[in-house]
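Chain and residue survey
Here is how the chains run, residue by residue.
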Amino acid sequence: MRDRLEVARELLGRSRHTAVFSGAGLSAESGVSTFRDPAPDALWSRFDPTELASVEGFSVNPQRVIEWYNWRRARLAGVQPNAAHRALANQPGLIQITQNVDSLLEQAGVAAERVLHLHGSIQRDRCHNPSCGHAEPVDFAAPQPLRACPRCGDYLRPAVVWFGEPLPRQTWLRAEDLCRNLDCLLVVGTSATVYPAAGLIELARAHGSRIVVVDPAAGAAGAQADIHLDAAAGEVLPALIAGLDLRSPG
Ligand SMILES: [Zn+2]
């Protein structure tokens, strides 16, 4: 492990064009659970994720979907960035591609325009009518109940990507463009099983990037890694990147 850490650190130190691609494992040490974990609360464990995070589920019971997101928001209100978020925030030249809908990278100090949220943000609500365009921030300490869009009267909903929905187009195009122009992609805390996001690792590889994976599980991302550090992000990232000057192209 120690040898691999040093090899990975050398590889990153030589990389002129680097980016980060993160998933749930980055925030797990902060205590953020996702709906792909076994539900930690009996109230919600009886629902299938697709009942709580899909257009169909929202059509059937919008009240229930909003209550679930507000329960998650109330939990997130007390959550702090961990050592991995802070290590990444100490690299202001990096662009962070993330599947996480939390804002812990931004809370750790990463500039909002340096974070590409492929699956949207739980920090905002938007109009369910895609042609309306209304969006507004949400106060985690006092999340709002189900309510109508002030502009068009349709429902407001979390500005996250649900099962079966496309990824935000401009964000996705930026992420793809980035992954075609890397010397090294640092993959943190994702098993890379959720497509199309997971395809970014293959894209980067196909365009000559080396892949460094930090994830305790030997998932699909590990199989594509040049170097796989099988440990938690908060344990490895500070030692892996502290003191380096990592930069993304553009
Ligand atoms: Zn609207």
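For the structure given in this document, a descriptive report is provided here. (Residues numbered from 1 in each chain as written. Predicted model: local features only at pLDDT ≥ 70, side-chain atom pairs only at ≥ 80, totals over all residues. Heavy atoms only, no water.)

Thoughts on the packing of helix H9 (residues 169-179) against helix H10 (residues 199-206)
Working note: a packed helix pair is described by the angle between its axes plus the distance between those axes. For the record, the criterion: As a rule, the C-alpha atoms of each element are fitted with a line to give its axis, helices using only the stretch in contact, and angles between N-to-C directions run from 0 to 180 degrees. Strands are runs of DSSP state E lasting at least 2 residues, helices are runs of H or I lasting at least 4, and numbering of each runs from the N terminus. Between two residues, a contact is recorded if the distance between any of their heavy atoms is within 4.5 Å.
Where H9 contacts H10, the axes come no closer than 8 Å and their chain directions differ by 35°. For the pair formed by H9 and H10, the contact residues are Trp-172, Ala-175, Glu-176 and Cys-179 on the first element and Leu-200, Leu-203 and Ala-204 on the second.

Side note on the coordination of the zinc ion
Here is the rule we go by: Metal coordination here is assigned from N, O and S atoms located within 2.8 Å of the ion, or within 3.2 Å for Na, K and Ca; omission of water means that sites may look incomplete. In short, tetrahedral needs four donors with all angles between 85 and 135 degrees, square planar needs four and octahedral six donors with opposite donors over 155 degrees apart and all other angles between 65 and 115, and whatever is left is irregular. For the exposure calls, accessible area comes from a 1.4 Å probe over protein chains only, and a residue counts as buried if that area is under 20% of its type's maximum, exposed if over 50%, partly exposed in between.
With distances of 2.3 to 2.4 Å, the protein atoms coordinating the zinc ion are Cys-127 (SG), Cys-132 (SG), Cys-149 (SG) and Cys-152 (SG). Around the zinc ion, the four donor atoms are arranged such that angles at the metal cover 94 to 117°; this shape is classified as tetrahedral. Site description for the zinc ion: donor spacing in sequence, C-x4-C-x16-C-x2-C. Of this pair, Cys-132 sits in the loop between strand E4 (120-127) and strand E5 (135-137) while Cys-152 is found in the loop between E5 and strand E6 (156-160), placing the two residues 20 residues apart along the sequence. With a relative accessible area of 39%, Cys-152 lands in the partly exposed category.

Thoughts on the side chain of His-85
Which entries qualify depends on this criterion: Under the rule applied, a polar contact is a pair of N or O atoms within 3.5 Å (in protein, one hydrogen donor and one hydrogen acceptor; residues adjacent in sequence only if both atoms are side-chain atoms).
If you trace the backbone, His-85 turns up in helix H7 (residues 83-89). Assessed through its relative accessible area of 0%, His-85 is described here as buried. Separated by 3.0 Å, the side chain of His-85 and the backbone nitrogen of Asn-82 make a polar contact. Not counting the four nearest positions on each side in its chain, His-85 is found in contact with Leu-26, Ser-27, Ser-30, Leu-104, Leu-105 and Ala-108.

Describing the pairing of strand E8 (residues 210-214)
Convention followed: Orient the strands so they point away from the viewer; a crossover is then right-handed if the path from the first strand over the helix to the second runs clockwise.
Burial analysis of E8 places four of its five residues in the buried class, the great majority of the element. On the question of chirality, the crossover connecting strand E7 (residues 184-188) to the parallel E8 by way of H10 is right-handed.

Here we look at helix H1 (residues 2-14)
Rule in force here: Each residue after the first adds 1.5 Å to the expected span of a helix. Note that the arc is defined by the directions from the helix axis to the C-beta atoms.
Helix length check: H1 (13 residues) gives 19 Å between terminal C-alpha atoms against 18 Å at 1.5 Å per residue, within 8%. Within the sequence span of H1, burial applies to Leu-5, Ala-8, Leu-11 and Leu-12. When H1 is viewed along its axis, its buried side chains cluster within an angular range of 125° and face the same direction. Summarising the geometry of H1, the exposed residues directed more than 90 degrees from the buried face are Arg-2, Asp-3, Glu-10 and Arg-14. Buried residues along H1 sit in contact with strand E1 (18-22), E7, E8, strand E9 (227-229) and helix H12 (233-241).

Section: the layout of surface pockets
The test is simple: Put simply, the grid is 1 Å and covers the protein atoms alone, a cavity is a trapped set of points that fit a 1.4 Å probe, a pocket is an open set with protein on both sides within 12 Å along at least five of seven lines, and lining residues have an atom within 4 Å of a point. Grid points are joined across faces, edges and corners, and a volume is the space filled by probe spheres set on the points. Residue classes follow a fixed rule: Ala, Val, Leu, Ile, Met, Phe, Trp, Tyr, Cys and Pro count as nonpolar, while Asp, Glu, Lys and Arg count as charged, and any other residue, Gly among them, counts as polar.
Of the volumes computed, that of the second largest pocket is approximately 470 Å³. Contributing to the lining of the second largest pocket are 20 residues, with His-117, Gly-120, Ser-121, Ala-159 and Pro-168 lying nearest its centre. Residue contributions to the lining of the second largest pocket peak at four residues, all from E4. A class-by-class count of the residues in the lining of the second largest pocket yields 10 nonpolar, five polar and five charged.

What to know about the environment of Gly-78
Within the secondary structure, Gly-78 sits in the loop between helix H6 (62-76) and H7. Judged by relative accessible area, which is 60%, Gly-78 ranks as exposed. Taking the C-alpha atoms as reference, Gly-78 lies 9.5 Å from Gly-31; in sequence the two are 47 residues apart.

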